[in-house]
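Chain by chain, the residues:
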Amino acid sequence: PLAADTHFARCKILRDASQRDESLSACMQAITAALSGNDDLTLARAFTVRAGIFGGLGQIESGRQELLYAEAVTVRLGDEALKIQLMMTRAWLDAREDRVESAVAWADRAIAAADLPKFFGDAQIVWKGSQAYSANANTVAQIQATQGASVLAADLAVDDEIWVKY
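Residues numbered from 1 in each chain as written. Predicted model: local features only at pLDDT ≥ 70, side-chain atom pairs only at ≥ 80, totals over all residues. Heavy atoms only, no water.

Let's shift gears to unusual backbone geometry. Trans is the prevailing form of peptide bonds, just as negative phi is the prevailing case for residues other than glycine. Here the phi dihedral of N38 falls at roughly 50 degrees; this positive angle occurs in a residue that is not glycine. Structurally, N38 is set in the loop between α2 (20-36) and α3 (40-56). (Helix = DSSP H or I, 4+ residues; strand = E, 2+ residues; numbered from the N terminus.)

Take a look at the structure:
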């Protein structure tokens, strides 16, 4: 599992640095390591990240295929946070295909099912108006020190508009 986690961390770093091809490769290394180490959590997360990257590249069908793999593993795991992340990834792919109603419906389902730490635990920051959430203590300290900003402490409602940075 440690090898899979390491490759997955590299995958996310490269994604965040907009190095998509390298990120796809690192995610595949995470998938390979997760399969050999029976690490279903990393396996599902790596497939989900790959789905989002493919969506960003406009390769929607490839993204949907990765999402199917992630869903199969997630059902086996029964992990609620992953299920919500999959809903948001499906919303992202639908939005990339200009299927706005479907994208909004998936996002609404995900938001209704989410609580902040469970769903946004790996986000750098989540903004709702002038309120912000982060699982990172340093980021929370910065939110608290920012004039006009406050810490978002409550769950989100279906119709809340949010901004998320991963």
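Note that S23 resides in helix α2. Taking the relative accessible area as the measure of exposure, S23 reaches 0% and is therefore buried. Of note is the side chain of S23, whose polar atom sits 3.5 Å from the backbone nitrogen of R15. Aside from chain neighbours lying at most four places away, what touches S23 is C11, L14, R15 and I53. (Buried < 20%, exposed > 50% of the residue type's maximum accessible area, 1.4 Å probe, protein only. Polar contact = N/O pair within 3.5 Å; in protein donor to acceptor, adjacent residues only side chain to side chain. Contact = heavy atoms within 4.5 Å.)

All right, on to the pattern of salt bridges then. Within the structure shown, the criterion is met by nine salt bridges. Residue R45 pairs with D122 through a salt bridge whose shortest N-O separation is 3.8 Å. Here R45 is found in helix α3, whereas its partner D122 is found in the loop between α7 (116-120) and β1 (125-128), with 77 residues between them in sequence. A salt bridge links E97 to R64, with the nearest nitrogen and oxygen atoms 2.7 Å apart. Of the two residues, E97 is situated in the loop between α5 (80-96) and α6 (100-113) and R64 in helix α4 (residues 60-77); the sequence distance between them amounts to 33 residues. (Salt bridge = Lys/Arg side-chain N within 4 Å of Asp/Glu carboxyl O.)

With three bridges joining them, β1 and strand β4 (residues 163-165) adopt antiparallel strand pairing. Bridge pairing links W127 to W163 in β4. Relative to strand β2 (residues 131-133), β1 is paired through three bridges, and the arrangement is antiparallel. Considered in β2, the bridge of W127 is made with A132. (Pairing = 2+ DSSP bridges.)

Our focus in this paragraph is the packing of aromatic side chains. Counting across every chain of the model gives one aromatic pair. For the pair F47 and Y69, a centre-to-centre distance of 5.1 Å together with 45 degrees between the ring planes defines the contact as tilted. With a gap of 22 residues between them, F47 in helix α3 and Y69 in helix α4 connect regions that are remote in the sequence. On the accessibility criterion, Y69 (40% relative accessible area) is partly exposed. Directly above the aromatic system of W106 lies the positively charged group of R90, at a separation of 5.0 Å from the ring centroid. (Phe/Tyr/Trp six-rings, centres within 6.5 Å; stacked < 30°, edge-to-face > 60°. Lys NZ or Arg CZ within 6 Å of the ring centre and 35° of its normal.)

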